[in-house]
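What follows is the residue order along each chain.
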Amino acid sequence: MALQEKLTKTAALTGNEAAAQAMRQIHPDVVAAYPITPQTEIVQLYSTFVNDGIVHTEYVAVESEHSALSATIGAAAAGARSMTATSSNGLAYMWEMLYIAAGLRLPIVMPVVNRALSGPINIHCDHSDTMGARDAGWIQIYSENAQEMYDNLIQAVRIAENPDIMLPVMVTMDGFIISHGMENVELLPDRAVEEFIGEYRYPYALLDIENPRTIGPLTLQDFYFEHKRAQADAVVKAKTVILKVGEEYGQLTDRSYELIESYRMEDAEYALVVLGSTAGTAKYVIDELRQDGEKYGLVKIRVCRPFPAVRLGEVLSRVTAVGVMDRADSFSGEGGPIFAEVRAALYGVSHRPHCINYIYGLGGRDIGPDLIRSAALDIKSLKDGSESDSLVRYLGVRE
Amino acid sequence: MTNMLEIRWHGRGGQGAKTAALLLAEAAAAAGKHVQAFPEYGPERMGAPVVSYNRISDTPITLHSAVLSPGYVAVLDPTFIGSIDFTAGMPENGALLVNTDTPALQLRERLGLQNDSIKVYTIDATGISEANIGRPIPNTSMLGAMVAVAQVMELDDLLQDTERRLEKKFHDRPRLIQGNLAAITQAYKEVECR
Amino acid sequence: MTESSQTKNLLKDHVIIDKAIEPNAGWRDLPIGAVIPKGGTSRQFTTGDWRTIRPVWSPEKCIHCHRCWLYCPDMCWVSEDKKIQGVDLTNCKGCGICANVCPTKVHAIEMHPEDTKTEHTAGED
Ligand code: SF4
Ligand code: SF4
């Protein structure tokens, strides 16, 4: 297939192709997946690699996403490096198994192509799918573009399988905008990825027949709490591991990664907080505003779980006002999920900036520079006392 | 930012508007450019109007929004004339490239273009494809014409990259490869402006 | 993926807990993911206190067909030299399966309420 041709160092790839290439290089022992737009291409390409003998993965074509993650969990517990991929309602259908994968501490890596949840039915991008799954115990990494999707997937393996972490990781990219958009992507040589991720080391492999074990037993009032406490500890430790892996990846590629990315924040008076592909468009707007002499900066949340509250507090406590952009509503009546968490992160800082929420782009509604610029300028109007106004604004919706 | 090309392709489902954008992006990337190619996804039906886009730049592109004011617009199917406003959002001095055997001046009149600053280019891409490849698939001819119109890259670079790409796909059909390269070259050279 | 000496070596960064889990173990001392790291741990879990009726065995009637031994879900029946020696009630739940599978004509096992003292049980409960 055409993809094999493109294995030069730099290639023009769609986000889905970049994800499939990362998976090919990760070369998991087992992939169990079910197709769903806009993720289909990832697993379709991967099944082609299997069919063509390019990878030696056991590919399990299942009949639903619930089964896809169940089979992946089983394979991971058996001692195999295992992956799956999904989107939107597929992720929703995995719900029960998401918590089980995390609770059993199985280091599964899963690309998720962000797509709005039904209904009404929609196939385009918003973050309602993964935002809903943010408390399932998975590490969540959001990608701005195809390059980041590729980079994040490779790093995710190291993060997930770190002995102190042992948690599943979902790596997301925006549906269609990134998944179906072609961009320049720099690919590492296969060997470099192989060396970077190392061998899968699950300490309690079920298929270790000399050491019989039970995985997934019943724990009640006696042990459940202790296991959840340990899980919470792993999430906290993940912050350090993610930074370490991001730095090491930077030595390999000149692209290092942190929990957040600060863009022109040094002397910023106003800031936008964004995740996903919109961060790229927002950078363009920040550059324009800077040219006009306006002191704007941007904070991109790359890792949403664990939530980088301390880092956000440090960076945002220096500004006057913050606009938090959410591509999902939490339907709490108090704005989107990221807004709530950013505000919570700011509660403890000595200088607390004004904070306002922009919910945008639901169901794939285009978010261009003009809209972002209007939101950015809107932030300036925030001053003491404006907390009494509605702090939740819908950007780009028809009134 | 300033040197960024934005291109919109109009075609019909199955005609290769998406492929043309992807081919251009791949060729431009191979020539060292920063690229984007993305289709506008609606209901996908054979024959239904489809749109796809390119951004091409010498510096990294961070924009991830729709192309609203493309400097260049390519129309793969002459039967659209009169039914779709190709010039929607086009800025001053934009360029419109249409696959048609109608001379550019005549097309300009037929389109009734209000904006005098928009340049109109025509190329008989279907005819060129038929003559060189033996099939009325206009996308490689349109690619050649667009590279000339928007001055995306040198013709030689485009031919080299396209040849390399087609060789992997059609290594057993050298005539098809040569035909496509000839179509690109002819379209690149013959594209007419008014 | 069995633990050959090589993969064992690769696991060195993992804290592998394979000792029995203490009932009062703190969260740091448990294997991750609630894994039970050893086989046969149900032996530590005595189910004998669930019992309200107990099997009473008549050795003189027994034909040593071993059906009780085979069917008992808690492996309570003790066999030596192909002969049933009696029942160890430590884990006997009083389910009555043994009495049920003992051949009807033989009828070597009867279920009696727990509060009646009966002889002929080999093990101590
Ligand atoms: S009553 Fe049930 S548990 Fe007890 S010895 Fe008989 S079969 Fe076993
Ligand atoms: S089933 Fe009855 S006869 Fe058979 S071994 Fe047990 S007690 Fe004896």
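Keep in mind that this is a model prediction, so the values were computed, not measured. Counting restarts for each chain, with residues numbered from 1 along the sequence as it is written. Following the order in which they are written, the chains are lettered starting with A and the ligands numbered starting with 1. Side-chain atom pairs in this predicted model are given and counted only at pLDDT of 80 or more, local residue features only at pLDDT of at least 70, and totals for whole chains, interfaces and linings cover all residues. Working from all heavy atoms in the structure, the side-chain values ignore hydrogens and water.

Caption draft 1: Up close: the overall build of chain B. Runs of E in the DSSP output that reach at least two residues are strands. Runs of H or I that reach at least four are helices, and both are numbered from the N terminus. From N to C terminus, chain B includes six helices and seven strands. Sequence-ordered secondary structure for chain B, helices as α and strands as β, is β-α-β-β-β-β-α-β-α-α-α-α-β. Note that the radius of gyration is over C-alpha atoms, with the globule rule given as 2.2 Å times the number of residues to the power 0.38. Scaling as 2.2 N^0.38, a compact globule of 194 residues should have a C-alpha radius of gyration of about 16 Å, and chain B matches this with 16 Å. Counting only C-alpha atoms, chain B reaches 50 × 40 × 35 Å along its principal axes. Three labels apply to residues, based on accessible area from a 1.4 Å probe with only protein chains included: buried if under 20% of the type maximum, exposed if over 50%, partly exposed otherwise in between. Taking all 194 residues of chain B together, the buried fraction comes to 55%. Summarising the internal contacts of chain B: among those between residues at least 6 apart in sequence, 65% fall at separations of at least 24. Entry remark: accessible area of chain B is about 8,800 Å², with carbon and sulfur atoms responsible for 48%. In this tally, Lys and Arg are treated as positive and Asp and Glu as negative; His is ignored, and so are the chain termini. Charge positions are represented by NZ for Lys, CZ for Arg, CG for Asp and CD for Glu. With 18 positive and 22 negative side-chain charges, chain B shows a separation of 4 Å between the mean positions of the two kinds. Throughout, a contact is declared for two residues whenever any of their heavy atoms are within 4.5 Å. Note on areas: Shrake-Rupley, 1.4 Å probe, and residue coverage restricted to the protein chains presented here.

Caption draft 2: View of a nonpolar patch on the surface. All names here are of chain C. The grouping of W69, L70, Y71 and I97 at the surface amounts to a nonpolar patch, some 420 Å² of accessible area in total. Sorting elements by how many residues they give to the nonpolar patch places helix α2 (residues 67-71) first, with three residues. Within the secondary structure layout, L70 lies in helix α2. Each patch is assembled from residues with relative accessible area greater than 30% and no salt bridge, linking like charges that lie within 9 Å and nonpolar side chains (Val, Leu, Ile, Met, Phe, Trp, Tyr) that lie within 5 Å. We define a salt bridge as a contact between a side-chain nitrogen of Lys or Arg and a carboxyl oxygen of Asp or Glu at a distance within 4 Å.

Caption draft 3: Main features of the domain arrangement of chain C. We note that the domain assignment places domain 1 (3-44) and domain 2 (47-113) within chain C. In this entry, domain limits derive from an automatic or database-based domain assignment. Put simply, the middle of domain 1 of chain C and the middle of domain 2 of chain C, counted by C-alpha atoms, are 35 Å apart.

Caption draft 4: Broad picture of the sheet that holds strand β4 (residues 72-75) of chain B. In this description, strands pair whenever DSSP reports at least two bridges between them. The nine strands are arranged β1(A)-β9(A)-β2(B)-β3(B)-β1(B)-β4(B)-β5(B)-β6(B)-β7(B) in an open sheet whose pairing can be described as mixed. The sheet is open, and its two edges are formed by β1 (10-14) of chain A together with β7 (192-193) of chain B, each paired on a single side. Sheet topology places strand β5 (residues 95-99) of chain B next to strand β6 (residues 119-123) of chain B; five bridges connect them, and they run parallel. Looking at β6(B), one finds that N99(B) is bridged to I123(B).

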